[in-house]
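# Architecture at a glance
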Amino acid sequence: MNTLVNDFMAVTGTNRSMATKYLKDNNNHLQDAINDYLNRKQDPKLIKVFEKYCESDMSTIEVNGTMNYLEDLGIEPEDIRSLILSYFLDSSSMGVFQREKFLNNWNKEKINNITDMKTFIDKLHDQYKDLERFQEIYEFVFGFLLEQPNQKLINYEIIIDYWKLMFEFLELPDKVNARISQWYEFIESQGKHLNRDTYVMWYEFVKEVIMEDAEGLGGYDEMSSWPSMVDEYVEYLAIDQ
Amino acid sequence: MGSVNEIPTHLPPGVTPESIQSHLSPRSRSLSNFPQDVKRAKPNRITSEHSLTQLESPKKEVHEVIEDILNNRPLKNGYQYYYSKVESICKFKHSEQSLLSEYLKDRIESSFYTTTKPNIETISNSDLMAAEFITRFLQIYQDWENKLLLLRKIFLYIDRNYLLQHPTKKVILELGLGLFIDNILTDSTELSTIIINKYLHILQQFIQQDSESELIPITKILIKLNFDNSIKLNEKLISSICKDYEAFKNEWFKNPDSYIHLCLLKVSKIITFFKNCGQSNEFLQKLLIKLRWIMIFQDFNDIIQNCLPYILKQPQQIKTIYGFCNNTMRDYSLDSSKILVFQWGKLILDEVVKTINGFDDNKSNNLIITLNSSSIYYNSIIEQFFENDNKFSLEARNSFGKALNSNKKINNQIISQLCKFIDSNIKNFNKKSSLNFNEFLEVFLTIFKYLNNKNDFVVIFKRELSRRLLLNKNTNIDSEKLLVEKIMEIIGETDDSVGLNIMFKDLELSKLKYHKLDFIKEFEFSTLVLDKKHWPEIPKQQNDINLNYFKPFLDKFDEYYKNSDEKLKNHKLNWDNYSLHQLTIIGRFKSGEYELLVNLYQAIIINLFDEQDQWEFNNLVQETKFDIKFLKRVINSLSDKYKILIEQDQIITFNENFTDKSKKLKIPMLRDKDSNVIEDKVIQRNRNNEIRSHLIKIMKIETKLPMMELINKLLVNNKRGPISIQDIKQNIEYLITNEFLTRDNDGTTLIYIP
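These lines cover the structure that appears in this document, whether it is placed above or below. (Residues numbered from 1 in each chain as written. Chains lettered and ligands numbered in written order. Predicted model: local features only at pLDDT ≥ 70, side-chain atom pairs only at ≥ 80, totals over all residues. Heavy atoms only, no water.)

This brings us to unusual backbone geometry. All names here are of chain B. Positive phi values are uncommon outside glycine, yet Ser 333 reaches one of about 55°. In this structure, Ser 333 sits in the loop between helix H17 (315-332) and helix H18 (336-357). Of note, the phi angle at Lys 625 is positive, near 60°, even though the residue is not glycine. Checked against the element boundaries, Lys 625 lands in the loop between helix H28 (617-624) and helix H29 (628-639). (Helix = DSSP H or I, 4+ residues; strand = E, 2+ residues; numbered from the N terminus.)

Attention now goes to H29(B). Residue and element names in this part refer to chain B. Helix length check: H29, at 12 residues, gives a terminal C-alpha distance of 16 Å against a target of 16 Å (1.5 Å per residue), a fit within 8%. Taken as a whole, H29 has its buried residues at Phe 630, Leu 631, Val 634, Ile 635, Ser 637, Leu 638 and Ser 639. Residues of H29 that are buried in the fold lie against helix H27 (600-611), H28, strand S4 (645-648) and strand S5 (651-654). (Expected span 1.5 Å × (residues − 1). Buried < 20%, exposed > 50% of the residue type's maximum accessible area, 1.4 Å probe, protein only. Contact = heavy atoms within 4.5 Å.)

On to the side chain of Glu145(B). Among the secondary structure elements, Glu145(B) is positioned in helix H8 (residues 130-154). Leave out the neighbours within four places in its chain, and Glu145(B) touches Leu177(B) and Lys224(B).

Looking now at the pattern of salt bridges. Scanning all chains against the criterion turns up 38 salt bridges over all chains. Residues Asp79(A) and Arg81(A) are paired through a salt bridge, measuring 2.9 Å at the closest nitrogen-oxygen approach. A salt bridge links Glu87(B) to Lys91(B); the nearest nitrogen and oxygen atoms lie 2.9 Å apart. Within this pair, Glu87(B) and its partner Lys91(B) are both found in helix H6 (residues 79-92), separated by four residues, close to a single helical turn. We classify Lys91(B) as partly exposed; its relative accessible area is 46%. (Salt bridge = Lys/Arg side-chain N within 4 Å of Asp/Glu carboxyl O.)

Turning next to the interface of chain A and chain B. Quoted interface sizes are often the accessible area lost when the parts come together. Contacts between the two partners involve 15 residues from chain A, matched on the other side by 14 residues from chain B. For the chain A and chain B pair, buried surface summed over both sides reaches about 1,300 Å², with 46% attributable to carbon and sulfur atoms. Counting the surface chain A buries against chain B, the share from its top three residues, Lys152(A), Met223(A) and Ser225(A), is 40%. Counting every contact that joins chain A to chain B gives three salt bridges. Where chain A touches chain B, the interface holds eight residue pairs in polar contact (both at pLDDT 80 or more). Put simply, the parts of the chain that give the side of chain A that touches chain B at least two residues each are helix H12 (196-210) and helix H13 (228-240) of chain A. The residue makeup of the side of chain A that touches chain B, split by class, is five nonpolar, five polar and five charged. (Buried area = accessible area lost by both parts, 1.4 Å probe. Polar contact = N/O pair within 3.5 Å; in protein donor to acceptor, adjacent residues only side chain to side chain. Nonpolar A, V, L, I, M, F, W, Y, C, P; charged D, E, K, R; others polar.)

The topology assignment puts Gln317(B) in helix H17. Look past the residues within four positions of Gln317(B) in its chain and what remains in contact with it is Ile260(B), His261(B), Leu264(B) and Ile311(B).

Under the criterion given, the structure shown has 80 aromatic pairs over all chains. On the numbers, 5.2 Å between centres and 90° between planes, the contact of Trp183(A) with Tyr233(A) is edge-to-face. Note that Trp183(A) is positioned in helix H11 (residues 174-190) and Tyr233(A) in helix H13, a separation of 50 residues in sequence. Side by side, Trp183(A) and Tyr233(A) carry an identical accessibility label, which is buried. One cation-aromatic arrangement involves Arg133(A) over Tyr128(A); the distance from NZ or CZ to the ring centre is 4.5 Å. Of note, Arg692(B) hangs over the ring of Tyr734(B), and the distance from its end group to the ring centre comes to 3.5 Å. (Phe/Tyr/Trp six-rings, centres within 6.5 Å; stacked < 30°, edge-to-face > 60°. Lys NZ or Arg CZ within 6 Å of the ring centre and 35° of its normal.)

As structure tokens, then:
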């Protein structure tokens, strides 16, 4: 019983007496209790939207549902908006939305219908065009792309596709974009898969070094703590030119 | 001036100024007896008119002789004559003594001011060359001194009995020279400045060109006149000489090969010169220390860096410098021997790196011997010149270590040269021309001890050792064992080193148990069973190939092996290491029978041609299930140098017409290109593990550390093989990826995850 109460509190963030009450009402069935709690709290309209797309167990929207959902929102799967939506709903992996997160996050914004959702995502889309602001989405994407529980590396081809999607969205200056496409060439020539550290630090490198001086890379210091891939990239550029 | 030279002729035999002096001395006697007698007699003495008139003529003569001397005129009478006149005047009455001395003083002063001083002023104001000036100055001085000496001779009575005893009056020489010093030479007078400057100018020339003769007299005189340091001669000399040396130093330093030699020579020369001129030891010591500072220790680092290579060949010089260094703490309160040690280390480092880089595998005999010789050479220098100073041997060892470990390329070269050195020596101990085992071992150990990454060496060494043990017929097992023992002593037991012993055991055991097995009757069959873990890695495996004719025999052995001991039951035998196979088969050709020495795979292929003379390549692949590339290599080996098979358009034919001079042919297969890569991979893997464990060790202690500091810490403490920053970074990233470490939000600081 105690574990159930703790689990309930962990999921819903309520106190002990609330947890006990809901569990009692639902014959100590955790999932039912949680749904009961969420349904009572959530806007029924919003729940309807969720249940339109979710699987039969009522707990997640899977790939098929997501495709329909995106279509209703008028978002192409290759559109950066789909990433922004995934980030906003804290999706654990591609095309999957959890019930709690879906309901909680929309509820926070007091949005309960497709039209408002569409407007909201468009608004976010414009806000995230800023390099600094976008970083949180960028860092979210790596975890989002991991498929296995203990996976540490991601195939470089997949990452390059996402990089292209994200950096094109950011509309950086031409000189910066030229450097970034050289980075893709370099990564392809290496053929090595990438870890989170290199992935994250590359964004820092774009922000701190390439944006400052795309041609000379004056801010680059070999003795600084860039990942070895970045060091090799700079070396690669030096040989290339 | 002529009269001065004639003076000795006036001296009566037996009477010299010295003898008079010595007659009167010791001074104590004249002090205690004589003057007191005079004083006591004085009040009672009665002077008569007669004696007063009697006094007039000697007085006149004495006054005349003073003028004669001061004007360089010849004397009318001998010294003794005047001496007795003076004596009689003085003895006549005490007041006459005082009067006469006053008169004499007056005359000396007047003569000095009217003649000597103006003379000096004249030459000082003319623009004579320094050398000429000094000669003239010396003449004037000598003239003056001669006059004073002559006067002293004649007035010796007054000089010794009156002036010397008198509390305020000066003796003649003191008076006269005092005038000279006070008016001409005393520090900061106008004349003195001119004279001393001219003198120092000549001194400078002397330092540069070594023309000392004319300098000695004037130097002696100046030193003499500086008795109470009123000229401040010593200070001026030291500062001027130092300045000169400072100026010449740069010029001399243009030839670093002779610089130290020149310095020692020049310094010793000037010291000797002043010593000969009568300078005090104190002065000499002071000058020496100053000059040494300027010439050698002021810029010691720079100087020794450039000169060390040359002076190492000059025993005397390097010994001297070493001795000097040990005194620098006393003389200058700083320890220059540290710099010498440092530069010594640097020199060795440079030389060793140069030797290695300049090494040409084809020309020289062996790099290891060359390096050993230089190690011996440097040790001999330490022994001979540095009194076996520990600091120097330590630094030499350090430098060798640095040279052999700091750079990947050199490090690899040393490891491979060490292996070559072993390889070329270990078989040949019986030959007269080569090293004997102990000599060999000593050379090997000398260089081996310098290696930081001894384990990397073992990996390569293992490969070579296995090759010698397995493939060479005349391997000297005992020497190999001894060598391995020594290596183990040094590096202790590690995974790799323990393997070395197991290699020998495997061989012995195989010889004992699996040699010429009798259950195979078809041919002679011997097997070496080697533990895969400890023998160098074998080439890529050939999976499920068709062993054809040979399969039953190998299976038989497999069974025998596994049943021979309960423990061996689960062992898996692998026959893939084709470079170790040795099969002798008989090939029958039109020209006769040949013994072919081949490996198992070659034998399988040849064997197939017993069935049919011609095979299509694709069929061979199907039949044997060899990897295509590998099959090509096998066929190549059989159709290249020895054309047993002929390959044409994918069709392989048995060459019946094969002939060769020799009836016994060893048919080698070219080594797989990447067989060396395996060892490199092992080394790299070992090294990565080392780096990672080291990184973790540091981070466990520090918990939080900027990445660059972590890299620095690792580099500073690196006692292993050479590593690059990239190596370290990659390993840090490995640790980040595997969540041993994480980056702080700033991106540059690393945090240890417990």
